[in-house]
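Listed here are the chains, written in short residue letters.
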Amino acid sequence: MAEPTERRNFYGRVHGKTLRASQKDYLENDLESLRLPGVTVEDNPDRTPLDIATLFPTPRPLWVEVGFGGGEHLVHMAALYPQVGIIGCEPFVNGIAMLLGKIRTAGVTNLWVHPGDVRDLFDVLPTACVDKVFLNYPDPWPKARHHRRRFVTPGYLALLARVMKPGAEFRVATDIEDYVRQTLEEVPVAGFDLIRQTGEGEAWDDWISTRYEQKALREGRAPHYLTFLRKG
């Protein structure tokens, strides 16, 4: 049994613009069947680890996307790699609704959604069970006093390192120079090796540009793509 989860502060947005009727439909009719059970404290107060073998019809590599935004990348990867199982985490209701619409259109069936804090998922994942993690255009928290809220900080990274297999891949995409700096400082210390760092036009071969990346390019900010491997 996992240790009881301490109450955590959560600083990101949960609600945004008023949802369209179609988005309300997605949330009302599609979310519950895609919501990963046993993740929240309410569903799993004892924080019993999930049985990964039961999440998908057949054994397969497990990937996680932290903060999937509008869901473009998550659905793209699910469609491109149907032999993989993917869990997408996102607390922002508008982003969840956009993802559900894309899932309905694409018809992908190899993913689960956790509509909440990724730390709750990390709490209940077994040790060394995840093969790949994506962190695409995370909230930059640009003010210096808010840098401790970034994902690439010791609290988040310790949880991440625990659930990733030795040799598992951690990808980070960001357009914020200071986020790159902090990523390069903090991630290796948490138990990862940097194996690749590239810039605009040099993303991963299976990358799909998201709306956040397109916004960054329009506003003159260059993307950075960093790849780490979990140390053995």
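What you see is a predicted model; the values in this text were computed from it and never measured.

### Describing the overall build of the chain
Assigned secondary structure in the chain consists of eight helices and seven strands. In terms of overall dimensions, the chain is globule-like: its C-alpha atoms have a radius of gyration of 17 Å, near the 17 Å expected for 232 residues. Referenced to the eigenvectors of the C-alpha coordinate spread, the extents of the chain come out at roughly 40 × 40 × 35 Å. The buried share among the 232 residues of the chain stands at 50%. Entry remark: accessible area of the chain is about 11400 Å², with carbon and sulfur atoms responsible for 53%. For the chain, the distance from the average position of its 29 positive side-chain charges to the average position of its 31 negative side-chain charges is 4 Å.

### What about the environment of R221?
Considering the arrangement of structural elements, one finds R221 in the loop between α8 (211–218) and β7 (224–230). R221 gets classed as partly exposed once you look at its relative accessible area, which sits at 28%. Residues R221 and G71 lie 150 residues apart in sequence; the distance between their C-alpha atoms is 22 Å. Look past the residues within four positions of R221 in its chain and what remains in contact with it is D175, I176, K215 and A216. At 2.4 Å, the side chain of R221 forms a polar contact with the side chain of D175.

### Quick notes on the nonpolar core
Judged by nonpolar contacts, the single largest core of 38 residues is most densely connected at F151 and F170. Counting residues per element, the ones that place at least two in this core are β1 (62–66), β2 (85–89), α5 (118–124), β4 (130–136), α6 (154–163), β5 (164–174), α7 (177–189) and β7. Take this core: its biggest share by element is six residues, from α6. Sequence-distant contacts of F170, that is, excluding residues within four places in its chain, are made with V133, L135, F151, L157, L160, M164, V187, F192, L226, T227 and F228. Within the second largest apolar cluster, 19 residues are counted, among which are I86, I96, L99 and L100.

### As for α6
Listed in full, the buried residues belonging to α6 are Y156, L157, L159, L160, A161 and V163. Those residues of α6 hidden inside the fold are in contact with α5, β4, β5, α7, β6 (192–198) and β7.

### What to know about unusual backbone geometry
We note that R47 has phi near 60°; this positive angle belongs to a residue other than glycine. Note that R47 resides in the loop between α2 (31–34) and β1. In this structure R47 comes out as buried when scored by relative accessible area, which is 1%. Phi at A128 is positive, roughly 55°, even though this residue is not glycine. Within the secondary structure, A128 is located in the loop between α5 and β4.

### Some points on the confidence of the model for the chain
When pLDDT is averaged across the chain, the result is 91; 92% of the residues are at 70 or more. Across residues 1–5, confidence stays below pLDDT 50; counting only partners more than four residues off in sequence or on other chains, it has eight contacts. Per-residue pLDDT stays below 50 along residues 10–14; that stretch engages in twelve contacts with residues further than four places along the chain or on separate chains.

### Some details on the pattern of salt bridges
Counting across every chain of the model gives 15 salt bridges. For E169, the salt bridge identified is with K132, shortest N-O distance 3.9 Å. With E169 in strand β5 and K132 in strand β4, this pair connects stretches of sequence that are 37 residues apart. The exposure classification of E169 matches that of K132, with both residues buried. Across the pair R181 and E185 runs a salt bridge, and its minimum N-O distance is 2.9 Å. Taken together, the residues span about one helical turn, with R181 and E185 both in helix α7 at a distance of four residues. When its relative accessible area of 34% is taken as the criterion, R181 is described as partly exposed. Each of K132, E169, R171 and D206 takes part in salt bridges that share partners, so that together they form one network.

Cut-offs and rules
Residues numbered from 1 in each chain as written. Predicted model: local features only at pLDDT ≥ 70, side-chain atom pairs only at ≥ 80, totals over all residues. Heavy atoms only, no water. Helix = DSSP H or I, 4+ residues; strand = E, 2+ residues; numbered from the N terminus. Rg over C-alpha atoms; globule rule 2.2 N^0.38 Å. Buried < 20%, exposed > 50% of the residue type's maximum accessible area, 1.4 Å probe, protein only. Areas by Shrake-Rupley, 256 points an atom, 1.4 Å probe, with all protein chains shown as cover. Lys, Arg positive; Asp, Glu negative; His and termini not counted. Charge placed at Lys NZ, Arg CZ, Asp CG, Glu CD. Contact = heavy atoms within 4.5 Å. Polar contact = N/O pair within 3.5 Å; in protein donor to acceptor, adjacent residues only side chain to side chain. Core = buried A, V, L, I, M, F, W, Y, C linked by side-chain atoms within 4.5 Å. pLDDT = per-residue confidence, 0-100. Salt bridge = Lys/Arg side-chain N within 4 Å of Asp/Glu carboxyl O.

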